[in-house]
Structure formats: structure tokens, C-alpha cells
2 protein chains.
Amino acid sequence: MTLDGPAPARLYQQVFRHWRDAIASGRLPAGARLPAVRELAARHNVSLTTARRVVEELHAGGWIETRPRLGLFVAQPRQPGYPSPAGQPAPVSIATLALRLFEALRDPAIAPFGSPFIDPAWLDIAGVNDHLRRAVRKFSPARGLTDLPPGHDALRQQIVRRALHHGFRLQQDELLITCGAMEALNLALKSVARPGAVVAVESPAFYGMLYAIEANGMQALEIRTDPRTGLDVDDLAQALGRHRIAACMLMPSLQNPLGAIMPAAARARLLALAGEHDFAIIEDDAYRELLPPGGSPPPLKHHDSDGRVLYCGTFAKAFSPAPRIGWLAAGRHTETALLHKLMNTLSTSIPNQMAVASYLRDSRPDRRLARLRDTLASNRARLADTVRRHFPAGSEVNTPAGGFFLWVTLPPECDTLAHYPKALAAGVSFVPGALFSPSGRFGHCLRLNAGFALDEPVLARLAEVGRQLQAG
Amino acid sequence: MTLDGPAPARLYQQVFRHWRDAIASGRLPAGARLPAVRELAARHNVSLTTARRVVEELHAGGWIETRPRLGLFVAQPRQPGYPSPAGQPAPVSIATLALRLFEALRDPAIAPFGSPFIDPAWLDIAGVNDHLRRAVRKFSPARGLTDLPPGHDALRQQIVRRALHHGFRLQQDELLITCGAMEALNLALKSVARPGAVVAVESPAFYGMLYAIEANGMQALEIRTDPRTGLDVDDLAQALGRHRIAACMLMPSLQNPLGAIMPAAARARLLALAGEHDFAIIEDDAYRELLPPGGSPPPLKHHDSDGRVLYCGTFAKAFSPAPRIGWLAAGRHTETALLHKLMNTLSTSIPNQMAVASYLRDSRPDRRLARLRDTLASNRARLADTVRRHFPAGSEVNTPAGGFFLWVTLPPECDTLAHYPKALAAGVSFVPGALFSPSGRFGHCLRLNAGFALDEPVLARLAEVGRQLQAG
């Protein structure tokens, strides 16, 4: 491998990534020997200084270890399954992976274990559409001005009311209606961080967050995240000693992909830390309706005394994705977020806003939601059972308290991304773990969707993929 | 003015901007004397090197001139009314101005001369809403997957058909449906330029473009733009000798705010230049339907042989803003744009896409559009007449061939931004010229909306504002 004279920083990064990716993907397993610094420099045609820097960074990230008088070796992951992240902010590159994911969703022959969507038949699309028909009849052109961002007042009022139903407070005057939760996340991020800024994220993190960070030219700093209790506030506190972060972007309730729920005490510590180190918190609460009221501590936003929490929610996950309605409560960043909204998509379709407002006002969704939660719980259990019985020995599957995602940790030598085409050929999609980390961790993990009809033939197909993974 | 030790580049920029803004705003009129380099250094507490660099840059931008043995003086604008831009890429700062603009729109007591919207009563909102009601009835949940970005196929087909009606070609397979034209512009920009990149823009330019450039951490390079023939390709060619640009973002037909239409020959030269210097072209054709078929040369996209043109269109300006439907034909950047779409707003409301598709298929909008164009022409004439009769002597107003914007150039000493609060108090909004340039040019200009009912009392209010401006 010869690299033709790019700028020094880029050169070092190329060589670093070459080795990091080889390790993260499992091509270089733990215990494999690396070339010494001098050999590394020769092989990549770089200076000794550059080669030394690569080795230092591989060390700092926990990718390699030095055995005295023996040389450099690939390190064991520090905590199998949920390794400590590299500790360095990294530009993320999630693009191609995400596109492949969405391509597979269109093919009805592929069982959508890789889908980010719940089966629409389990939502209330027809009920919401009734309200959309009525909204269209009532729509007056003047609404085009009065309902410009921040948005339709009746909808903002209903969102506050729905939050109260779940036991937490939102302020109507900081609520901004968005084109779905993904826009809310993007606006939040742009409102608090500039290109080049460091944003702390969960590890693993929702790839949409990682992509937003990448697209805005920011750096993602991965923070250790526990499959049950979520973001590790101690790890974040340590990282704050080394990095100035602009924001921490996280999902404290039903984290995607882990399903973790942060305990109240950890939430309080995170808020205190944010005050002390003056960073913003971007809280994605997309799955709140998939927990019963009281099924999780209130959002961070509920305790946000100084307006530093930017809270993102959505109507899509439990009611209907058709109107594409999300929201952002941006605290002290409300005006900045409003401007970003105007300049990102100008406005959110007003008949759609009116429809969601009247739906939330008039419908009684709670019985249906309770049934939906039961269905999802039973599906998660059946899916986890299939994984336990048919995936390679040593695989672990988490057991979240809600939602429709399962996270499977396979033995470290499994490369789920490399295996993905074979799974597609067997009629099964999943989300390779590589998508959930900019540093290439979780290459041996995958996310499964339990939010659709899991009949025996579909589970049999997944079992077959498990056996393929076993065979390697 | 003392500056407390920021980094050198920032320091130089602060001092540069201090003087540039003073000149651009008219506080320092042409012919005013500037302090010499040594005095400048002492006054701002900076080094002689820094002071010299400030003077060099003010020179390069055409802001000042040296008169031998006399010193530094504020230069005459090179071409009064449409001055040559600074010649340097500049980070833009449009934020606060844009927010003020949108605030005024909500107040029904203020005549919306500052509005970016045509009167919705002149569009076909009811007709489009009929189709939305039908679309909601026909919507099946499976569409949630098949119509994921790039979008609903029938809509993409109808957009191609409508383009053919206007005499130009679009490829259905490069069409991506967006949440309005503003999202299309943002996706286009992100697809071809990274933070820090230089993007050539018209001068004056649509503030939405300038804001997108600012929000993405890029630099706007202003290119001289003629009120009748649009972007000056010679000026762009010269700028290419000094700057590597990633993209040129422009409106070749009914440019906002000038209403300019680029002649076919200039379009061909721009495309050739883009090929030669390998930059992308982002073409905003939002006002196409406000010209009759043949009323403008075809879009640049029509002649785009190598996929470097990213074409943005919208349903809002001539049909209905309610469904929030725009589109982007991204040429060779189609896959990148698709990914940015997924990660910006995930998807565009599918019932809304279906409604626009069936509206375009079944309705016969051309008679209404012809009437609308006539109404706008008559309104532009009446508004221009009011300006000519009541605005300060020396004011000029352009006479575009279509659309609903007029651009007024007042005498150089007028500061339309400073005057804006007085106009609001008189019940009139307008868009201060400062919004259309990152370098503070056009502080003596303003944009007026002619797209609403211009009765005598409303025109009398505008006349009053003209007299206020006269008084200064």
C-alpha cells in the first residue's frame, strides 16, 4: 500500500484507519501481531514520525497492546460485547451502510428484520387519515401564515397535553413542529454545535445521529453505554477531562439499538454534569409511547432548569408515519432552532399538523397502545428465543423493557457486515452493528426488528441465517 | 476599540469587518478618509502586519482606494445599484435578519410587501386539497415502504411530464421528492460541498441560499449579477482564477430578488465553465410556472450532459404550498442526495405526494396560470409606478418579465435596514437589501412583494414609507 503525498494529517489518518478497520472488522483478531514501527513506516511509505503516531493512536484507542520485548499485538476488546469506545472523537462514515439498509426494505421478498419501522398495520394509520381528511376540509389559506414555524398552535398544545399524560412537562412556547423526528435531531444539532465541534454519543448509537454529526462536519465522541442502564455518565465525565464537548446526543428511554433505560439517578448526574461543563443535551425520546406512562423516568427535559436540553419527539412510531410530524422543544436555543427550521424545510405541511392535533385531542389511543406494547413484548420474546437457539454459541441478546429492537452480540470473530449479503440472499435483512459506531466497534453485533408478524416460516429463515453465521 | 487577544486570523477579520461594514452601511460614505496603516494598528491595538492585511483586503474588495501622497479613502461603488461584490469569499450572517422578516408576516395589520409568498387566494389550494382528500382515502400502509425516498413514482413521472410541457427534459430516475424547495437546496448543497468549501452565488442572492451556505459552514463568493441578464459569467470566470469553487448556486430564470432571466448563450457558457473547472451547479427553478412555456430558455439541467447540475423545483409557488412538496434532480450526485434526504427528514409525507401526483395528472392548470401571470404583471406595474412616484429621487426599480418581486435601489445614503422598524410602524413590511448579501452590499436596496391585492389604501401606505425614506 503506497499513499501518494496527501497532507500529513490525512496520511496519518489513512494508515490509522487501515489498521483500525482491520482490527474492528475482525480481519486481524485479538492476539495477532502487528509490524513494528519501522516496518510500518516502510510498508506504507510514511515517515517514522507518522508511523509512531499511528501506533500511539491505536494504543490510545485500545486497539493494540505492547508486549515488552515481543512487539505490538491486537488487544482483546476490554469488555466483550460492549467494548469501551476508542476515547478519541472521530469523523464518522455511515453513508454507504445506511443506503444499503434502506434498499433492502423495498423488497417484499426480504423479511424486514433490518427495518427501522414498526409494521404499519399495528399503528392507527386509518384513524389518523380520517383526521387528515377533516383537516383538509377545514384548512383555510390564511393558516399558511399563522401556522408558519414554530407551527400550528393546537398541535403544540396537544403535544404538551400528551406529555402530561406521560407524567412530564413541556413548554408550549419552546415547541417547534418538524418534518419528523429526524429533522428535529438535525435542527437541534445545528442549533448547538458548529462544524468541527465534538458531540458525545452513545456507543452503540442510532446511526441517524451519527450521520447528522457526519453531515454537519462535526466529530462524534463515543461514550460507553450499558445495554440496560444506557449512557455511562462516569465514562462521559472522564471524557470531559480530555475533550471540550458542545453537546451530548442520546436516547435515555428505549435507546436505539440497545433498548436501555437510564435510571433517574444517572439522568440527574448527567444534567448536573452538563451544567458544570456547559454543554447542551439533545434528547431523542422517539419511543416514549412504546412504554406505558411511568415505564421510564421522565425525560431529561422535565428537569431542565436552565434550558439546555433540546427534546425531540415524533408521532410516527406509535400513531402514524404518514403525516411526517415530529417536534423539538429547544429550550434556550428555541430562536436558533426556529431559524434553522425555516431555512431547512421552511414549514411543515399544515393540514398534516391540523390532523395530528385533532387526532391527539379526540382519539383515545391508550387501549390500542397497551395492546401494541403487549404484542411487541411477546414478539421480542419469540425473536430472542430464536436467536438463542440458532445463533452461534456465545451470542448474547438483550432483553429491553419495550420497543421493537433486539441487539445481538455475536462472538468477536463474526463479521456481520461481511455476512449481510448472504443473509439477504437467504431472504432476511438485519442492521449490521458497524452502522452504530464511527470507530468500527460492534462489527460482531446486529440489530433485529421484532415489530412485524413473526410467523414460523419467517423465524425459520432467521434461524437459517443464525446457522450461516455459526458456519462463519 | 480594543480587541482582547483572539487568534490572529479572527483578529484580522474583526478589524476588516469593522471597516467593511462601516463602508457597506454607508456610515463611511465614498470619499471619506481612512486612518493610515500605523494609526489603524494603534487604534485597534493590533500589529502593523495585521493592519496592513486589513488595508490590503479592503483594497482587494474594492472598498477603499489609495490616493498617492494623500492616503486611504472609501472608494466609489464600481457600478452604482449593482456594485461588484467584494471578490472574497465570506462567511455569511443572515440569521437575525431572516427571523425579523418572518415575524412581520404573522401580523395581519402589516401589508406584506416583505412576504416571500404569493397570496394563497391566487393559487389552487382548494383544488389541491380535493386531491389530498382522495389520496388519503386511497393510501395503503404499504406505501410507507415503496414510497420511501426517492419518493412516489407517479409523482416523479408527473414532474417529468410537467417539465416537458415547459419544453425541457428531466430524468425520472434522478428525481428525489423533498419537503419543499428549501430542503431541495439544502440537500443539493450538502451533496456537492463540504464545510469550508467556497460556493459562488449571485449578488444579490436569495437569502435562503446564503443561509444554507452559512449553516453548513461554507463560504459564499458573490458574483456580479445583472438585473436583466442574471449571473455575470465573465465575473465568475475571473473569480475562478482566484478561488477553487465547489459549486455555483443560482436562479437562472426569475432570479430572486432581481427577476433576471439568463440568456441562452450565458447559460451555455456557464455550463462550459463548470465542465472546465469541474464545479457543480445548483439550479433553483422555483418560479418556472410563473413564466409561460417558452418565457425563458430551458433550465441549465436540460443541457446537462455530464450530470453536474442539481435542479430544484417546487409545487408551492404556483399551485399550493399546503402539501410542502419540492423536488431535486441531482444528476451524478443522486445517490448522495438520497442519503442526505433520508438523514435530513427521512421521508416526505406520502399522502401529500400522492395528492400532488394526481393533481398534476388530472387538473388543467394552464388557464388559471395564464390569468395569474397577467394579474402579477399588472400588479408589478402598479407597484413600480408607486415606487417611481413616491420613493426618493434617484431610486430605481427593475421590471422583471414575471414573478411577484420588485427590487428597488435607493440612493446610496439610504439604509433600508435601519429604516425597517419605521416602515413596520407605518404598517408596511419589505425585505431590507442587507439580507441578500453576506458582504453588506445592497444596504440601500429593498425587495417588494407584488403578489397580493394592491388596493389604494395599501399602496398609499407604501407611498408614505417612500416619503419617510426620502426624509432619511
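Residues numbered from 1 in each chain as written. Chains lettered and ligands numbered in written order. Predicted model: local features only at pLDDT ≥ 70, side-chain atom pairs only at ≥ 80, totals over all residues. Heavy atoms only, no water.

**Some remarks on the overall build of chain A**
Scanning chain A from N- to C-terminus turns up 16 helices and 15 strands. Compactness check: chain A gives a C-alpha radius of gyration of 23 Å against a globular reference of 23 Å for 472 residues, within 12% of the reference. When its C-alpha atoms are laid out on the principal axes, chain A stretches across 75 × 50 × 40 Å. A total of 472 residues make up chain A; the buried ones form 63% of that total. Across chain A, every contact between residues at least 6 apart in sequence was considered, and the portion connecting residues at least 24 apart equals 73%. In the structure as shown, chain A presents an accessible area of about 17,300 Å², 52% of it carried by carbon and sulfur atoms. (Helix = DSSP H or I, 4+ residues; strand = E, 2+ residues; numbered from the N terminus. Rg over C-alpha atoms; globule rule 2.2 N^0.38 Å. Buried < 20%, exposed > 50% of the residue type's maximum accessible area, 1.4 Å probe, protein only. Contact = heavy atoms within 4.5 Å. Areas by Shrake-Rupley, 256 points an atom, 1.4 Å probe, with all protein chains shown as cover.)

**A word on the interface of chain A and chain B**
Put simply, an interface is often sized by how much accessible area is lost when its parts join up. Of the residues lining the interface, 53 residues belong to chain A; the matching set on chain B comes to 53 residues. Approximately 4,800 Å² of surface area, both sides summed, lies buried where chain A meets chain B, with 68% of it carried by carbon and sulfur atoms. Taken as a group, Leu99, Arg106 and Met343 of chain A account for 15% of the area that chain A buries against chain B, more than any other trio of residues on that side. Taken together, the connections running from chain A to chain B amount to zero salt bridges. Linking chain A to chain B there are 23 residue pairs in polar contact (both at pLDDT 80 or more). Among the elements of the structure, helix 4 (95-105), helix 5 (125-138), helix 6 (143-146), helix 8 (180-192), helix 9 (207-215), helix 12 (334-344) and helix 13 (350-362) of chain A are those that each provide at least two residues to the side of chain A that touches chain B. Per element, the largest residue contribution to the side of chain A that touches chain B is seven residues, and it comes from helix 12 of chain A. (Buried area = accessible area lost by both parts, 1.4 Å probe. Salt bridge = Lys/Arg side-chain N within 4 Å of Asp/Glu carboxyl O. Polar contact = N/O pair within 3.5 Å; in protein donor to acceptor, adjacent residues only side chain to side chain.)

**So, unusual backbone geometry**
It is generally the case that most residues other than glycine have a negative phi and that most peptide bonds are trans. Ser203 of chain A connects to Pro204 of chain A through a cis peptide bond whose omega is 5°. Among the secondary structure elements, Pro204 of chain A is positioned in the loop between strand 5 (198-203) and helix 9. Pro149 of chain B connects to Pro150 of chain B through a cis peptide bond whose omega is 15°. Residue placement: Pro150 of chain B occurs in the loop between helix 6 (143-146) and helix 7 (153-165). Look at Leu254 of chain B: it is not a glycine, yet its phi comes out positive at around 55°. Relative to the helices and strands, Leu254 of chain B resides in the loop between strand 8 (247-250) and helix 11 (264-277). Relative accessible area serves as the criterion here: at 3%, Leu254 of chain B is assigned to the buried category.

**Details of helix 15 (residues 416-425) of chain B**
Residue and element names in this part refer to chain B. Those residues of helix 15 that sit buried are Thr416, His419, Tyr420 and Ala423. End-on view of helix 15: buried residues confined to an arc of 135°, all on one side of the axis. Facing away from the buried side of helix 15 by over 90 degrees, the exposed positions are Ala418 and Ala425. At the C-terminal side of helix 15, Gly427 shows a positive phi close to 80°. (Arc of directions from axis to C-beta.)

**Focus: the confidence of the model for chain A**
All names here are of chain A. With 92% of its residues at a pLDDT of at least 70, chain A reaches an overall mean of 89. For residues 1-9, every residue scores under 50 in pLDDT, and the model assigns this stretch ten contacts once sequence neighbours within four places are set aside. Predicted confidence is poor over residues 78-86, with pLDDT under 50, and the contacts of this stretch with residues over four places away or in other chains come to 31 contacts. (pLDDT = per-residue confidence, 0-100.)

**Some words on the sheet that holds strand 7 (residues 230-231) of chain B**
All names here are of chain B. Pairing within the open sheet is mixed, and its eight strands lie in the order 4-11-10-9-8-5-6-7. Because the sheet does not close on itself, it has two edges, and the strands there are strand 4 (175-178) and strand 7. With four bridges connecting them, strand 10 (residues 309-314) and strand 11 (residues 326-329) associate as antiparallel partners. Looking across to strand 11, one finds that Gly313 is bridged to Trp327. The sheet strands contacting helix 10 (residues 233-242) are strand 5 (198-203), strand 6 (219-226), strand 7 and strand 8, and the helix crosses strand 6 at an angle near 150°. (Pairing = 2+ DSSP bridges. Axes fitted to C-alpha atoms, helices over the stretch in contact; angles between N-to-C directions.)

**Thoughts on the sheet that holds strand 3 (residues 71-74) of chain A**
Residues and elements named next belong to chain A. Strand order in this open sheet of three strands is 1-3-2, and the pairing throughout is antiparallel. Edge positions in the open sheet fall to strand 1 (33-34) and strand 2 (64-67), since each of these has one partner strand only. As paired elements, strand 1 and strand 3 share two bridges and run antiparallel to each other. Counted as the bridge partner of Leu34 is Leu72 from strand 3.

**A closer look at the relation of the copies chain A and chain B**
Between chain A and chain B, which share one sequence, the superposing operator has a rotation angle of 180° and an axial displacement of 0.1 Å; the RMSD is 0.3 Å. Between the two chains, the operation in question is that of a two-fold axis. Closest approach to the rotation axis among the C-alpha atoms of chain A is made by Arg133 of chain A, whose C-alpha sits 2.5 Å away. A symmetric contact is evident, with 100% of the interface residues of chain A recurring at the interface of chain B. (Least-squares fit on C-alpha atoms with pLDDT ≥ 70 in both.)

**Quick word on the packing of helix 14 (residues 366-390) of chain A against helix 16 (residues 456-471) of chain A**
All names here are of chain A. The geometry of helix 14 relative to helix 16 is characterised by a closest axis approach of 9 Å and an angle of 35° between their N-to-C directions. At the point where helix 14 passes helix 16, the crossing takes the right-handed sense. For the pair formed by helix 14 and helix 16, the contact residues are Arg382, Leu383, Thr386, Val387 and His390 on the first element and Glu456, Leu459, Leu462, Ala463, Gly466 and Arg467 on the second. For the contact of helix 14 with helix 16, the residue count by class is five nonpolar, three polar and three charged. (Left-handed = near helix turned anticlockwise from the far one by under 90°. Nonpolar A, V, L, I, M, F, W, Y, C, P; charged D, E, K, R; others polar.)

**What to know about helix 2 (residues 37-44) of chain A**
All names here are of chain A. Regarding helix 2, the residues found buried are Leu40, Ala41 and His44. The buried residues of helix 2 occupy an angular sector of 100° when projected down its axis, which confines them to one face. In this structure, helix 2 carries Arg38 and Ala42 as exposed residues pointing more than 90 degrees from its buried face. Once helix 2 ends, the next one or two residues include Asn45, with phi positive near 60°.

**Describing the packing of aromatic side chains**
A complete count under the given rule lists 26 aromatic pairs over all chains for this structure. Note on Tyr287 of chain A and Phe404 of chain A: the rings are 5.9 Å apart at their centroids and 70° apart in plane angle, and the pair reads as edge-to-face. Placement of the pair is Tyr287 of chain A in the loop between strand 9 (280-284) and strand 10 (309-314) and Phe404 of chain A in the loop between strand 12 (396-397) and strand 13 (405-409), with a sequence separation of 117 residues. Note on Phe319 of chain B and Tyr359 of chain B: the rings are 5.8 Å apart at their centroids and 70° apart in plane angle, and the pair reads as edge-to-face. Residue Phe319 of chain B is found in the loop between strand 10 and strand 11, and its partner Tyr359 of chain B is found in helix 13 (residues 350-362); the two are separated by 40 residues along the sequence. (Phe/Tyr/Trp six-rings, centres within 6.5 Å; stacked < 30°, edge-to-face > 60°.)

**Some words on the state of the cysteines**
Enumeration over the complete set of coordinates arrives at zero disulfides over all chains. Free of any disulfide, Cys445 of chain A has its nearest cysteine sulfur in Cys414 of chain A, 9.8 Å distant. (Disulfide = S-S within 2.5 Å.)

**Some points on the pattern of salt bridges**
Tallied over the entire structure, the rule returns 37 salt bridges over all chains. Here Arg228 of chain A and Asp226 of chain A are joined by a salt bridge, their closest N and O atoms 3.9 Å apart. In this structure Asp226 of chain A comes out as partly exposed when scored by relative accessible area, which is 22%. Between Arg382 of chain B and Glu456 of chain B there is a salt bridge whose closest N-O contact spans 3.0 Å. Taken as a pair, Arg382 of chain B in helix 14 (residues 366-390) and Glu456 of chain B in helix 16 (residues 456-471) lie far apart in primary sequence, 74 residues in all. Note on Arg382 of chain B: relative accessible area 33%, which makes it partly exposed. Residues joined by salt bridges that share partners form a network here, namely Asp278, Asp306, Arg308 and Arg332 of chain A.

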